[in-house]
Amino acid sequence: MPGRLFKSEYLADKRLPLRLIRRDPQEEYQLHEHDFSELVIVFRGRGEHVIYGENRTIEAGDVFLIRSRTVHGYTNLHDLALCNIMFDPRELNNPLQAFCRYPAIGSLFRLEPEVRSRNLLHLEKGELAEVMKILRDIETEQEHNAEYHPLAMAAHFVLLTVFLGRCITRHRLPPGKNSSAALSELINRLSEHSEKHWTRPEMARSIGVSESSLTRMFRRFTGYAPNEYLIILRLKKGAMLLLNTDLSIGEIADRTGFSDSNYFCRQFKKHFRIPPQKYRSLRME
């Protein structure tokens, strides 16, 4: 069974559900999950991030987001050092709440390594230096605990989010049209409602592009065609249900949008390289 970390321990200050922890070096960490989100910036070394049944290489410059209830861990580390920003924008009455109504917060959730064998964003040397400067400002406010420090930390967090959002746009999205925001919104909808029956024409119409343009945009942004991306989103949710519930394979297949449990099992084994029954046994280890 994966270990669990709770916001009552890490985000105890109700004035601001935000905390930065510098792990230098990062030690090997067994599979675990938490009930808050965690933005990870790797600033030195390399290692392997264990997530969704895969070992994915990470190195200095990588940035990714771990959503709440996502099982992950770290292994095979070589001088790995990283900064973790733990936050929970769902908490009310704090400086982050108003910010969450704006599209900029969505840039963080484009950083989830949900369907890629590598992370979505890799910062160049100068970009990483700029991010580390903002992180030091957050650390200073957090450590000195001066008057209005929750508001100051929230302000620096907003600056960090805006900077990362611009980096994502420069590195990953197709130039020219203002389709990046619409594509990001579509991807968020797919993630939230992956069990729904989506068609490629419906996806293309929702962002005002042709089907061929949709496919090109998806491949550049995610590395997958739209239907492939949707299948892997469903498999990711299936993996979480396997680890965290006692639902049958058939029930999980139905809840994640697969009409046939055999097809779910075949796709699961193809992606994770182990059958779902064996994957479920991981929680007992």
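Located above this text is the structure these notes cover.
Participant: Please explain the overall build of the protein as it appears in this structure.
Facilitator: Within the protein, the regular secondary structure consists of twelve helices and eight strands. Residues counted as buried form 51% of the 285 residues belonging to the protein. Within the protein, counting contacts between residues at least 6 apart in sequence, those at least 24 apart form 73% of the total. For the protein, the computed accessible surface area is about 13,900 Å², with 50% contributed by carbon and sulfur atoms.

Participant: Is there a simple way to explain the packing of aromatic side chains in this structure?
Facilitator: Working definition: an aromatic ring pair is given by the centre-to-centre distance plus the angle between the planes. This model, assessed by the stated rule, comprises nine aromatic pairs. Arranged with centres 5.3 Å apart and planes meeting at 50°, the rings of F87 and F157 form a pair that is tilted. Residue F87 is located in strand β7 (residues 72-87), and its partner F157 is located in helix α5 (residues 149-172); the two are separated by 70 residues in the primary sequence. Plain terms: the ring middles of F272 and Y279 are 5.4 Å apart, the flat faces sit at 40° to each other, and that makes the pair tilted. On the accessibility criterion, F272 (4% relative accessible area) is buried. Among the aromatic residues, ring-to-ring pairing joins F258, Y263, F264, F268, F272 and Y279 into one connected group. One cation-aromatic arrangement involves R22 over F43; the distance from NZ or CZ to the ring centre is 5.3 Å.

Participant: What is the right way to look at unusual backbone geometry in this model?
Facilitator: Generally, phi is negative for residues other than glycine and the peptide bonds are trans, each holding for most cases. In the segment running from D24 into P25, the intervening peptide bond is cis, with an omega of 5°. For N76, which is not a glycine, the phi torsion comes out positive at approximately 50°. Within the secondary structure, N76 sits in strand β7. When its relative accessible area of 40% is taken as the criterion, N76 is described as partly exposed. Of note, N145 is a non-glycine position whose phi angle comes to about 55°, a positive value. Look at N145 and you get partly exposed, because its relative accessible area is 48%.

Participant: Can you walk me through the packing of helix α9 (residues 226-244) against helix α11 (residues 261-272) in this structure?
Facilitator: For any two helices packed against each other, one specifies the inter-axial angle together with the distance between the axes. The contact between α9 and α11 brings their axes to 10 Å, and the two run at 95°. Regarding the angle of α9 to α11, the classification is roughly perpendicular. Across the interface between the two elements, I231, I232, L235, G238, A239 and L242 from α9 touch Y263, F264, Q267, F268, H271 and F272 from α11.

Participant: Which parts of the structure should I look at to understand the nonpolar core?
Facilitator: If you look at the biggest cluster of nonpolar residues, it comprises 29 residues, and the most contacted ones within it are L39, I85, L135 and L164. For this core, the secondary structure elements donating two or more residues are β2 (18-23), β4 (37-51), β6 (62-66), β7, α4 (125-144) and α5. Top element by residues in this core is α5. It accounts for eight residues. If you look at the next biggest cluster of nonpolar residues, it comprises 27 residues, including I51, L77, L235 and F272.

Participant: Explain the pairing of β4 here, please?
Facilitator: Consecutive residues of a regular strand have side chains that alternate between opposite faces of the sheet. Among the 15 residues of β4, eleven are classified as buried, and the element is accordingly described as predominantly covered. Summarising the sheet, β4 and β7 pair through twelve bridges and their orientation is antiparallel. Residue pairing for β7: V50 is matched across the bridge by G73. Both β4 and β6 contribute to a ladder of four bridges, which runs antiparallel. From the neighbouring strand, L39 faces β6, where its bridge partner is L65. Summarising the sheet, β4 and strand β5 (residues 54-59) pair through six bridges and their orientation is antiparallel. Residue I51 lies in a different strand from β5, and its bridge partner there is E54.

Quick notes on the rules
- Residues numbered from 1 in each chain as written.
- Predicted model: local features only at pLDDT ≥ 70, side-chain atom pairs only at ≥ 80, totals over all residues.
- Heavy atoms only, no water.
- Helix = DSSP H or I, 4+ residues; strand = E, 2+ residues; numbered from the N terminus.
- Buried < 20%, exposed > 50% of the residue type's maximum accessible area, 1.4 Å probe, protein only.
- Contact = heavy atoms within 4.5 Å.
- Areas by Shrake-Rupley, 256 points an atom, 1.4 Å probe, with all protein chains shown as cover.
- Phe/Tyr/Trp six-rings, centres within 6.5 Å; stacked < 30°, edge-to-face > 60°.
- Lys NZ or Arg CZ within 6 Å of the ring centre and 35° of its normal.
- Axes fitted to C-alpha atoms, helices over the stretch in contact; angles between N-to-C directions.
- Parallel < 35°, antiparallel > 145°, perpendicular 65-115°, else oblique.
- Core = buried A, V, L, I, M, F, W, Y, C linked by side-chain atoms within 4.5 Å.
- Pairing = 2+ DSSP bridges.

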